[in-house]
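Chain and residue survey
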Amino acid sequence: MPTDWIELMKKLTYLIEEEMVLKYQLVQEDLDALVSVKTDEDLKHMFSEHDRYESAGSPRLRAFLFPANPVVVENYMDAIAVEQRYIDAINGIVRAPPS
């Protein structure tokens, strides 16, 4: 497991082949309150939150990776599709492609 933020981001960038932003959700918070991980201190805090929840038997933190560069959508209908895919992914929904 990476011990610092730079090492973690290098590994994620290598695996995903593009620069990513790491955020996590605290158990009691909604998705609109994600916590960004940008420094070694942030990473340590994320791990301490994880350990605290794990020792209490609570659900685990959820981590999310977002592209570092925003996705450019050409028209409004595509924007809805991108947002819906995100919501589906969060909820574990897999949609069959249109026939």
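A brief report on the enclosed structure follows. All values derive from a computational prediction rather than experimental measurement.

What about the side chain of Gln25?
As for its placement among the helices and strands, Gln25 is situated in strand 1 (residues 20–25). Look at Gln25 and you get buried, because its relative accessible area is 8%. Only 2.8 Å separates the side chain of Gln25 from the backbone oxygen of Glu29, close enough to count as a polar contact.

Re the pattern of salt bridges
Two side chains that carry opposite charge are able to pair once their charged atoms sit near each other. For the structure on display, the rule yields one salt bridge. Two residues, Glu49 and Arg52, come together in a salt bridge whose shortest N-O distance is 2.7 Å. Residue Glu49 and its partner Arg52 are located together in helix 2 (residues 40–55), separated by three residues, close to a single helical turn. When its relative accessible area of 10% is taken as the criterion, Glu49 is described as buried.

About the thresholds
Residues numbered from 1 in each chain as written. Predicted model: local features only at pLDDT ≥ 70, side-chain atom pairs only at ≥ 80, totals over all residues. Heavy atoms only, no water. Helix = DSSP H or I, 4+ residues; strand = E, 2+ residues; numbered from the N terminus. Buried < 20%, exposed > 50% of the residue type's maximum accessible area, 1.4 Å probe, protein only. Polar contact = N/O pair within 3.5 Å; in protein donor to acceptor, adjacent residues only side chain to side chain. Salt bridge = Lys/Arg side-chain N within 4 Å of Asp/Glu carboxyl O.

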